[in-house]
Amino acid sequence: MVNVIINGIAVRVPEGTTIMEAAAKAGVTIPSLCYLKEINEIGACRICCVEVEGESRLVSSCNNLVYEGMVVHTNSHRALEARRINVELLLSQHDGECSICVRAGNCKLQQVANNFGLLKNPYKKDLPKRIWTETFPLYRNVQKCIKCMRCVQYCEKIQTLGIWGMSGSGSRTTVDVTYNRRIKDSDCSLCGQCITHCPVGALRERDDTREVLDALRDPNKITVVQIAPAVRAAWGETHGLPREMATVRRLTAILRSMGFDYVFDTAFSADLTIMEESTEFLKRLQNGELKDLPMFTSCCPGWMRFVKSQYPQLVPQISTAKSPMQMFGAITKTYFAEKMGIDPEKICSVAIMPCIAKKAEKDGHVFDRNKKHGMQDVDIVLTTREMDRLMRMQNINVFSLPEAEFDSPLGIGSGAGVIFGATGGVMEAALRTAYHTVVGENAPADAFRSIRGQEGWREAEFDLNGTTIRCAVASGLGNARKLIQAVLTHKVHYDFVEIMACPGGCVGGGGQPIPFEQNELADARGNMLYSLDRLSPLRYSHENKEINVLYDTYLGEPMSELAEELLHTDHNSWVMPLNMHLQQRNDEDTTIHFGVNK
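Draft legend 1. Structural context of the packing of helix H8 (residues 266-286) against helix H18 (residues 545-555). Across the interface, H8 lies against H18 with an axial gap of 10 Å and an inter-helix angle of 60°. Relative to H18, the element H8 is oriented oblique. Handedness of the H8/H18 crossing: right-handed. Between H8 and H18, the contacting residues are Phe268, Asp271, Leu272, Met275 and Glu276 on the first element and Glu546, Ile547, Leu550, Tyr551 and Leu555 on the second. Its residues placed into classes, the contact of H8 with H18 shows 7 nonpolar, no polar and 3 charged.

This is how it looks when you write it as structure tokens:
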């Protein structure tokens, strides 16, 4: 243990503790803009600098360790002056139009500047200039970037994609897409983790709220909205609603008050996905197609973009089942439209998702019958944050609205569908139904709970009527890469693998609310979904009565000809840019082909 004095407070901490961590234990807060524990500990912003007795220079507290007898002053005149100057220099290259920034009121730089009481800046404004596409789902404003390196480090260390890097030199150094690429030509997975870990408003999702407002005001449009499972675990956070009040039924009432004609639960189509995907898995297993490589889940578009750009040879191993969002859109414009007597061309299908990759998924990455007729399954995707902005725009009092039920006939979802939003949830839900299909009776609903957890890579084995099913779950693309490398080098063998691009699954998605302190909430949100599953009277997808009616009266059975047409997709129908290493191999050897990316 080490004895330290911080601002006159004696504190005893373990060896290897940073000054910032020791200060926190003493109840002293040291501001920082760039620090992310174990990810970005480079002291780039210099806001956390403190004065240490005996040291001639100020030291960054985020990456300097305490030593026995260290005396630290976090608010000495010298430290405060340096901190103020660093903030002013950052502001001189920062677009300070806070009133039209999505992070207004939730911005670390804004807080630090306000805490200093800055009323003017002695340094001349010198904003960098860059052109960025307005159509890509991920938008970057270079004039708001403070070069903290969080996005660079997170993308490299956690997601292992290295999309962001430094360009330029001297005062013109900035963050940009690596290899001098345009973002739309890169192998970005659109996980959105760079957005949720940015301390300012330099990164955000493409804003599609205007499209929704136009649809709601169009008397010729029938607006249908679906709410993803993960959204219910997070939407109330920015409103200060306790989780027990921030229910999906209250959100249903809010969306209905906005003017949506029909409000549905994506948990319904998650159940539909399970019916199709579990059937496909059993079929591939029985046909001996999984002897060498497993079947991978397909519901995460960030994962789909990753595998197609990094491991295109694995595309044939991915389930052909569409994601729940896309399945819901397809059923809305066919079965639902016919049942309600609505012209499908008048339907505007809106999805509230925890994810920005869903914007790319709906933009044309799925080839389906509806598109042949000039229609997309889903017309508009809003992130949870965009939905929040719509709510504030309409001055909705989220505390006063009573709860409301989903509409019918696509409004019932099982607990199995709800846990889709947590890592391991898709796997668990699929195994519940696969077991029933093979054995003829239900396993206990929690029989497959050993696949749950927040570890980045988990594995389990289950007995399916005498057959051992080897399963694995990974969340976060760095963990996915490790798993895939182990599979391809035959160090491990699985039959069924679930992968989610975002750590913790969809609950930690790149479109979810951003906590001010930017602490990770995926675990708490995921636990909420598992609690909802545990309390649900319906915990098996195959027992969803509305799903059974859909098959009995319309689809026939899972993987029928009509189900294949509406609910499955051809992964070869869209192209994803390869990573730079595969591109170079393609350029050097014309005999190397990577299927759909050729």
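Back to the write-up after that little detour.
Draft legend 2. Spotlight on the sheet that holds strand S14 (residues 380-383). The parallel open sheet is built from 4 strands, whose spatial order is S11-S10-S13-S14. Each of the sheet's edge strands pairs with one partner strand only, and the pair in question is strand S11 (262-265) and S14. Each neighbouring strand pair of the sheet contributes to a mean axis angle of 25°, computed without reference to strand direction. Inspection of the sheet shows strand S13 (residues 347-353) paired to S14 by 4 bridges, in the parallel sense. From the neighbouring strand, Val350 faces S14, where its bridge partner is Ile380. Taken strand by strand, helix H7 (residues 248-258) contacts strand S10 (222-227) and S11, and its axis lies near 160° from that of S10. Relative to the sheet, helix H13 (residues 384-393) contacts S13 and S14, its axis offset from that of S14 by approximately 85°.

Draft legend 3. Quick peek at the side chain of Thr17. Of note, Thr17 is situated in the loop between strand S2 (9-13) and helix H1 (19-25). When its relative accessible area of 10% is taken as the criterion, Thr17 is described as buried. Within the structure, the side chain of Thr17 is placed 2.6 Å from the backbone oxygen of Pro14, a separation counted as a polar contact. With residues near it in sequence (within four places) discarded, Thr17 still touches Ala22, Asn64, Leu65 and Val66.

Draft legend 4. Broad picture of the nonpolar core. Counting 92 residues, the largest nonpolar core has Leu109, Leu138, Trp164, Ile183 and Trp303 as the members making the most contacts within it. Tallying contributions element by element places helix H15 (residues 425-439) first for this core, with 7 residues. Among the nonpolar cores identified, the runner-up in size contains 33 residues, and Val212, Ala215, Leu255 and Met391 belong to it.

Draft legend 5. Quick peek at helix H6 (residues 209-217). The complete set of buried residues in H6 reads Thr209, Val212, Leu213 and Ala215. For H6, the arc enclosing every buried residue in end-on projection is 160°, short of the 170-degree limit, so these residues lie on one face. Exposed residues lying more than 90 degrees from the buried face of H6 are Arg210 and Arg217. Lining the buried residues of H6 we find S10, S13, S14 and H13.

Definitions and cut-offs
- Residues numbered from 1 in each chain as written.
- Predicted model: local features only at pLDDT ≥ 70, side-chain atom pairs only at ≥ 80, totals over all residues.
- Heavy atoms only, no water.
- Axes fitted to C-alpha atoms, helices over the stretch in contact; angles between N-to-C directions.
- Helix = DSSP H or I, 4+ residues; strand = E, 2+ residues; numbered from the N terminus.
- Parallel < 35°, antiparallel > 145°, perpendicular 65-115°, else oblique.
- Left-handed = near helix turned anticlockwise from the far one by under 90°.
- Contact = heavy atoms within 4.5 Å.
- Nonpolar A, V, L, I, M, F, W, Y, C, P; charged D, E, K, R; others polar.
- Pairing = 2+ DSSP bridges.
- Buried < 20%, exposed > 50% of the residue type's maximum accessible area, 1.4 Å probe, protein only.
- Polar contact = N/O pair within 3.5 Å; in protein donor to acceptor, adjacent residues only side chain to side chain.
- Core = buried A, V, L, I, M, F, W, Y, C linked by side-chain atoms within 4.5 Å.
- Arc of directions from axis to C-beta.

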